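This is what each chain is made of:
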Amino acid sequence: MAEQQPGLALRFQRRFLAARPLRSLPWPELERSLRTAPDSALLADILHQTILHPLCVKYPPSAKYRRCFLTELIKKHESTAAEPLDELYDTLADILKEEESTHCYKNYLLPTGDCVSLSESTALISGGTTGLVTWEAALHLAQWALENPGVFRDRTILELGSGIGFTGIAICKTCQPRIFVFSDCHPRVLKLLGENLRLNSFIPEPGVTWSIQTESQGQEVEGEKCQKPKVIVAELDWGSVTQKQLLGLRADVVIAADVVYDPEIIVALIGMLQKLSSSRADRKAPEVFIAFTIRNPDTYQLFQAELDKAGIRWQIIPAPSSCNFLYDVQPDVTILQLFL
């Protein structure tokens, strides 16, 4: 049994640090282990791999999440004949003293050993936007990118509707793009996006404007030997952006996640894609990949119909069968490749 304990503690760790739903944590395995061999050492290991882990101490999930997790862990402990573990109760007492915050952190461990740490809103809708949390399609798109790094290596990437930045930061840390342009239109989202980039040691270009990459500046960028990709944050309104402005970005690849959820947004997105189709100086359209969770089949069918009407060909790329960042029920996520 001792050989299984480290693996079990690490499974708790990955789910806990990303603040996945508590039901998705491997509680049944823990119960079986404790029934077979009541062992306070296993519970202490789980405690130190989760709530007392340095990442959690520095960038903690919400106090409510940690409190509920620890309460459940104590229940498992008390249901066995394992020796008392004062550290569990001391840690819970410390958390009970904390006040709830409107923001929390989530930490997604990458296969490379690196991590994406994000500050998120504790509410799904905050400040009139849903862009202050990470949605499931963003996790799947990042997983697909990790499995297809050649699509992004040494290329300029434009992400539409970047939200708080998970997908783009994961790509920047694992796929070696040359330039990554994060974009969104909501001021609060852009502010939090900038904070998350700095949290992950990326410094956005200061004072970025749409003219950042004029022809001479573009040549200078190409000659740079940067250890990290150049990161740009752009305020991008799909309805008002011009082809000339898009030309300045010189995107080789365009990605987006969970941007297909409303008919009005679909119309704006199609218009944006049409502008992108002729936004390259060499007239070679960028590769486009859009991931979305199918919540309403009618909205999904409308998007496909609008693509057909605009003459934009598309094909379905199966989302990864498993995702390093999801541990509960897998949502119905589709990734489309568009041909502009």
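For the structure itself, consult the block above.
Predicted model only: the values in this text are computed from it and were never measured.

Visitor: Explain the packing of helix H3 (residues 40–49) against helix H5 (residues 63–78) here, please?
Guide: Packed helices, taken two at a time, are described by their axes: the angle between them and the distance between them. With their axes 11 Å apart at the nearest point, H3 and H5 run at an angle of 175° to one another. Classed by the angle they form, the pair H3 and H5 counts as roughly antiparallel. Along its contact with H3, which presents Ser-40, Leu-43, Ile-46 and Leu-47, the element H5 presents Phe-69, Leu-70, Leu-73 and His-77. In terms of residue class, the contact of H3 with H5 is built from six nonpolar, two polar and no charged.

Visitor: Looking at this model, I keep getting lost on the nonpolar core. Mind explaining?
Guide: Nonpolar side chains in soluble globular proteins tend to be buried together. Of all hydrophobic cores here, the largest spans 41 residues; its most connected members are Phe-152, Phe-166, Ile-255 and Phe-325. Among the elements of the structure, strand E2 (115–121), helix H7 (136–147), helix H8 (166–174), strand E4 (179–184), helix H9 (187–199), strand E6 (253–257), strand E7 (287–293) and strand E9 (333–339) are those that each provide at least two residues to this core. Ranked by residues supplied to this core, first place goes to H7 with eight residues. Ile-232, Leu-236, Leu-276 and Ile-290 belong to the second-largest nonpolar core, a separate cluster that totals 32 residues.

Visitor: Whenever I open this one, the sheet that holds E7 confuses me. Can you help?
Guide: The strand order across the open sheet built from seven strands is E5-E4-E3-E6-E7-E9-E8, with neighbouring strands paired in mixed fashion. Across the chains shown, the open sheet's two edge strands, defined by having one partner strand only, are strand E5 (230–235) and strand E8 (313–317). Averaged over neighbouring strand pairs, the angle between their axes works out to 20° when direction is ignored. Pairing of E8 with E9 involves five bridges; the strand directions are antiparallel.

Visitor: Sorry, what's going on with helix H12 (residues 263–276) here?
Guide: Note: α-helices contain 3.6 residues per turn, so residues at a spacing of three or four share the same orientation. Compared with an ideal rise of 1.5 Å per residue, which puts 14 residues at 20 Å, H12 spans 20 Å between its outermost C-alpha atoms and is within 8% of the ideal. Every buried residue of H12 is listed here: Ile-266, Leu-269, Ile-270, Met-272, Leu-273, Lys-275 and Leu-276. Where H12 is buried, its residues contact strand E3 (156–160), helix H11 (243–249), E6, E7, helix H13 (297–309) and E9. For H12, the capping residue at the N-terminal end is Asp-262, with a side-chain oxygen 2.9 Å from the backbone nitrogen of Glu-264.

Visitor: Just to check I follow, could you spell out the packing of aromatic side chains for this structure?
Guide: Two aromatic rings, taken as a pair, are described by how far apart their centres are and by the angle between their planes. Applying the stated criterion to the full structure yields twelve aromatic pairs. Relative to Tyr-65, the ring of Phe-16 lies with its centre 5.6 Å away and its plane at 40°, an arrangement referred to as tilted. With Phe-16 in helix H1 (residues 5–17) and Tyr-65 in helix H5, the pair connects residues that are 49 residues apart, well separated along the chain. Summarising the burial analysis for this pair, Phe-16 and Tyr-65 share the class buried. Between the aromatic rings of Phe-292 and Tyr-300, the centroid separation amounts to 5.2 Å while the plane-to-plane angle is 50°, which identifies the pairing as tilted.

Visitor: Looking at this structure, how should I read the pairing of E9?
Guide: Residues in a regular strand project their side chains so that they alternate between the two faces of the sheet. In terms of burial, E9 is a largely internal element, six of the seven residues being buried. Here six bridges tie E7 to E9, and the two strands are oriented antiparallel to one another. Counterpart to Phe-289 in the pairing with E9 is Gln-337.

Visitor: Can you help me understand the side chain of Lys-106 in this one?
Guide: Along the chain, Lys-106 turns up in strand E1 (residues 103–109). A distance of 3.3 Å separates a polar atom in the side chain of Lys-106 from a polar atom in the side chain of Glu-120. Leave out the neighbours within four places in its chain, and Lys-106 touches Leu-17, Ala-18, Ala-19, Val-116, Ser-117, Leu-118 and Glu-120.

Visitor: Is there a simple way to explain the environment of Leu-55 in this structure?
Guide: The topology assignment puts Leu-55 in helix H4 (residues 54–58). Residue Leu-55 is classed as buried on the basis of its relative accessible area, which comes to 18%. Expressed as a C-alpha distance, the spacing of Leu-55 and Asn-107, which sit 52 residues apart in the sequence, is 7.5 Å. Those residues in contact with Leu-55 that sit more than four places away from it in its chain are Leu-17, Pro-60, Asn-107, Leu-109, Cys-115 and Ser-117.

Visitor: Explain unusual backbone geometry to me, please; I cannot follow it from the model alone.
Guide: Trans peptide bonds make up most of the peptide bonds, and negative phi angles are found at most residues other than glycine. Despite not being glycine, Asp-154 shows a phi value in the positive range, around 60°. Structurally, Asp-154 can be placed in the loop between H7 and E3. Judged by its relative accessible area of 58%, Asp-154 is exposed. Although it is not a glycine, Ser-201 sits at a positive phi angle of roughly 70°. Here Ser-201 is to be found in the loop between H9 and helix H10 (215–223).

Conventions we followed
Residues numbered from 1 in each chain as written. Predicted model: local features only at pLDDT ≥ 70, side-chain atom pairs only at ≥ 80, totals over all residues. Heavy atoms only, no water. Axes fitted to C-alpha atoms, helices over the stretch in contact; angles between N-to-C directions. Helix = DSSP H or I, 4+ residues; strand = E, 2+ residues; numbered from the N terminus. Parallel < 35°, antiparallel > 145°, perpendicular 65-115°, else oblique. Contact = heavy atoms within 4.5 Å. Nonpolar A, V, L, I, M, F, W, Y, C, P; charged D, E, K, R; others polar. Core = buried A, V, L, I, M, F, W, Y, C linked by side-chain atoms within 4.5 Å. Buried < 20%, exposed > 50% of the residue type's maximum accessible area, 1.4 Å probe, protein only. Pairing = 2+ DSSP bridges. Expected span 1.5 Å × (residues − 1). Polar contact = N/O pair within 3.5 Å; in protein donor to acceptor, adjacent residues only side chain to side chain. Phe/Tyr/Trp six-rings, centres within 6.5 Å; stacked < 30°, edge-to-face > 60°.

Don't take any of this as a statement about function, it's just geometry.
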